[in-house]
Amino acid sequence: MAPDEWRSKVFEADNIREWRGQDVVDAEGHKIGALESVYVDTASDEPSFATVTVGIPMRHRLVFVPLHEAMVGPGYIKVTYPKSQVKDAPSIDPDGELPAEQEPEVFAHYGLEYVPGAGGERRLARR
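Residues numbered from 1 in each chain as written. Predicted model: local features only at pLDDT ≥ 70, side-chain atom pairs only at ≥ 80, totals over all residues. Heavy atoms only, no water.

Draft legend 1. Spotlight on the overall build of the protein chain. Helix and strand counts for the protein chain come out as four helices and eight strands. Reading the protein chain from its N terminus to its C terminus gives the helix and strand order α-α-β-β-β-β-β-β-α-β-α-β. Considering only residue pairs separated by 6 or more positions, the protein chain has 51% of its internal contacts joining residues 24 or more positions apart. As presented, the protein chain carries roughly 7,300 Å² of accessible surface, and 49% of it is formed by carbon and sulfur atoms. (Helix = DSSP H or I, 4+ residues; strand = E, 2+ residues; numbered from the N terminus. Contact = heavy atoms within 4.5 Å. Areas by Shrake-Rupley, 256 points an atom, 1.4 Å probe, with all protein chains shown as cover.)

Here is the structure:
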């Protein structure tokens, strides 16, 4: 794939599994961490957020970052948010799960509107 091609390739749901463990970098190319999992929007089933492994060995945590306008490159995923903002994002333990009542906090950290499902159901589902 030519450099111009991969720069324009948006993160797609089809290849979620193959990106697990790949580097996640910010718009400046600074490494944030490794992709752990992808959360889809329950209304559209489209990738919405990723969890990224950050921290030092034995003290890892998973932070959430939006995948809106994320791009894939050779061996990495580039997100549009700065490393400092992502590292300060709401997090869970590596073997944890995001409680439904904390979903609004994840969206708010990035200035995104949170709207639960029509029946009050969760907005994010792990894939």
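Additional details are given in the paragraphs that follow.
Draft legend 2. Structural view of the nonpolar core. Counting residues in hydrophobic clusters, the biggest one holds 28 residues, and the most contacted among them are Phe 49 and Val 65. Looking at this core, the elements with two or more residues in it are β2 (31-41), β3 (47-54), β4 (61-66) and α4 (103-109). If we ignore the near neighbours within four places in the chain, the residues touching Phe 49 are Ser 37, Val 38, Tyr 39, Phe 64, Val 65, Pro 66, Leu 67, Val 106, Phe 107, Tyr 110, Leu 112 and Leu 124. (Core = buried A, V, L, I, M, F, W, Y, C linked by side-chain atoms within 4.5 Å. Buried < 20%, exposed > 50% of the residue type's maximum accessible area, 1.4 Å probe, protein only.)

Draft legend 3. Quick peek at the environment of His 60. Residue position: His 60 is located in the loop between β3 and β4. For His 60, a relative accessible area of 36% translates into the label partly exposed. Apart from residues no more than four positions distant in its own chain, His 60 is found in contact with Thr 53, Val 54, Gly 55 and Pro 94.

Draft legend 4. Region of interest: the side chain of Glu 36. With respect to the helices and strands, the residue Glu 36 is situated in strand β2. When residues no more than four places from it in sequence are discounted, the contact partners of Glu 36 are Arg 20, Thr 51, Val 52, Thr 53, Leu 62 and Arg 126.

Draft legend 5. Examining the packing of aromatic side chains more closely. Evaluated as defined, the whole model comprises five aromatic pairs. Pairwise contacts between aromatic rings join Phe 49, Tyr 81, Phe 107, Tyr 110 and Tyr 114 into one cluster. (Phe/Tyr/Trp six-rings, centres within 6.5 Å; stacked < 30°, edge-to-face > 60°.)

Draft legend 6. Highlighting the pattern of salt bridges. Tallied over the full model, the rule gives six salt bridges. The residue Arg 127 makes a salt bridge to Asp 45 at a minimum N-O spacing of 2.5 Å. With Arg 127 in the segment after β8 (124-126) and Asp 45 in the loop between β2 and β3, this pair connects stretches of sequence that are 82 residues apart. A relative accessible area of 44% means that Arg 127 is categorised as partly exposed. Taking relative accessible area as the criterion, Asp 45 reaches 40% and is therefore assigned partly exposed. One connected set of salt bridges, linked through shared partners, spans Arg 20, Glu 36 and Arg 126. (Salt bridge = Lys/Arg side-chain N within 4 Å of Asp/Glu carboxyl O.)

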